[in-house]
Amino acid sequence: ISIAASQVAAGAKIVDVNLDDSMLDSVAEMAAFLSRIGVEPEIARVPVMIDSSDWNVIKEGLKRIQGRPVVNSISLKEGEESFLAKARHIKEMGAAVIVMAFDENGQADTYERRIEVCRRAYDLLVEKVGFAGCDIVFDPNVLAVATGIETHTDYAVDFIRAVKWIKNNLPGAKVSGGVSNLSFSFRGNNPVREAMHSLFLRHARKEGMDMAIVNVSTAVDPEEIAPELVKAIDDVLLNSDPHATDRLVEIAEKIKAESTGTPAQKEKERSEAPSSPRQRIVNMLVSGSVARLEDVLEEAMKECGSALGVVDGPLMEGMSRVGELFGAGKMFLPQVVKS
C-alpha cells in the first residue's frame, strides 16, 4: 500500500497492480489488496490497472474494484473465440482494456505485424463486442534495442511508426507500452537506461503515444541529457547509423566508470596483459577481442592437449566469467553477444 501511495505521490496517473507469483494465491491476494487500497483516499483518486496473465485473477479484480478500471491485458494469441469472450466480460464490467499485439502466430515485432494485429483486434472489439474506440488501449510491444543482434535494430523505430499509424487509423484508440523493456541491454546502468526511456518517450509522444508504464520518480528531462548521449541514443532508437550501438556502449561504459569509480579500461587492460594462452582466451572472450585469435587457439590447444580441452577449459571458464559480469550489471547485452 505504501508503494502504491508513493507512486501516486510521485505523479503516477494510474496504479498498475500485479500479484502474479508462484508462491501466492493471486486470486485471493488481488481481492484483498484492491479492497485495502479502495479505502486509501490518496490512492483511490487515480484509476487502477488490473494486471495479470491469469484470467481468473482479472475476473476477481473486476468484482472488487471501485470506479472504472483498466484490464491489462488480453490478446489474440489464443484465438478469436477466447479473445471475444474475455472482451465481452470486460465490457460488461465497465472497464477499459489493454490489448497486446500478439496473435496466434506470436508476438508482433515488425511495423507490418504490429499494425496488422492491432487493426484486426480493433475491428473485433468495435464491431463484434461494441467497445468504444476510446476504451481500447493498444500495447504494440516495446522491445529491447542495442542488443548487438541485427534483427532487433528496427524495434524502436517500428514501434514509433506503429503509434502514428494507430492514432491515424483506429479512431479513439489509445497507445501504451512497458518502456523498461527498451533498455534491457543496459541493465545495471540506470543513467543510460533512464535517458533511453526519456528520449524514446519524446519520439513516441510526438506521434501520439498516450501512456506508458514508467517509474515517474526517476523520469529524466530530455533537455538535461548530454548532447553526445542524446545523439547516440537517437541513432539507436531511429536506426539511423549502423555503428550506433557500438557508440552507445562506449559512452555507457564511460558513464558507468564515472558513477562507480571503476575504470572501464580494467577488463581491456586485463585482456592485453601478458599471460598464458589459456588465460588470454578467457580475457579475449570477456573483452570480445578477436585479434590473433587463431594463433592463441593454436597455442592453447598445445597447452590444453586438444580442441575439446580448449572448449571444456578456457572457453567455458570465459563464458562463466561473462555470465558473472552480466549478472552483476558490469557488462551490457551487446558486449555479451560479441563475446
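Small disclaimer: the values here were computed from a predicted structure and weren't measured.

About the thresholds
- Residues numbered from 1 in each chain as written.
- Predicted model: local features only at pLDDT ≥ 70, side-chain atom pairs only at ≥ 80, totals over all residues.
- Heavy atoms only, no water.
- Salt bridge = Lys/Arg side-chain N within 4 Å of Asp/Glu carboxyl O.
- Helix = DSSP H or I, 4+ residues; strand = E, 2+ residues; numbered from the N terminus.
- Buried < 20%, exposed > 50% of the residue type's maximum accessible area, 1.4 Å probe, protein only.
- Pairing = 2+ DSSP bridges.
- Contact = heavy atoms within 4.5 Å.
- Axes fitted to C-alpha atoms, helices over the stretch in contact; angles between N-to-C directions.
- Core = buried A, V, L, I, M, F, W, Y, C linked by side-chain atoms within 4.5 Å.

Caption draft 1: Structural context of the pattern of salt bridges. Under the counting rule described, the total for this entry stands at 20 salt bridges. Two residues, Glu80 and Arg120, come together in a salt bridge whose shortest N-O distance is 3.2 Å. With a gap of 40 residues between them, Glu80 in helix α5 (residues 80–92) and Arg120 in helix α6 (residues 111–129) connect regions that are remote in the sequence. The exposure class assigned to Glu80 is partly exposed, which follows from its relative accessible area of 31%. Salt-bridge contacts for Asp235 lead to Lys231; the nearest nitrogen and oxygen are separated by 3.3 Å. On the criterion of helical spacing, the pair formed by Asp235 and Lys231 is a turn pair, its members being four residues apart in helix α9 (residues 227–237). Residues participating in the shared-partner salt-bridge network are Lys231, Asp235, Asp241 and Arg247.

Caption draft 2: Structural context of helix α12 (residues 277–287). The buried fraction of α12 amounts to eight of the eleven residues, a majority that puts the element mostly inside the structure. Among all positions in α12, only Pro277, Arg280, Ile281, Val282, Asn283, Met284, Leu285 and Val286 are buried. In the segment just after α12, Gly288 is the residue with positive phi, at about 75°.

Caption draft 3: A look at the sheet that holds strand β7 (residues 136–139). Pairing is parallel across the open sheet formed by six strands, whose spatial order is β1-β2-β3-β4-β7-β8. Taken across any chain shown, the strands that pair with only one partner, and hence form the sheet edges, are β1 (15–17) and β8 (174–175). Relative to strand β3 (residues 70–74), strand β2 (residues 48–51) is paired through three bridges, and the arrangement is parallel. Of the residues in β3, the one forming a bridge with Ile50 is Val71. Contacting β1 and β2, helix α2 (residues 26–37) crosses the sheet at an angle of about 175° to β2.

Caption draft 4: A look at the nonpolar core. With 80 residues, the main nonpolar core has Phe83, Ile90, Val99, Phe138, Phe186, Phe200 and Leu248 as its most contacted residues. The element best represented in this core is α6, accounting for nine residues. Of all hydrophobic cores here, the second largest spans six residues; its members include Val70, Ala96, Ile98 and Met100.

In short, the description is geometric, and any link to function would need to be established separately.
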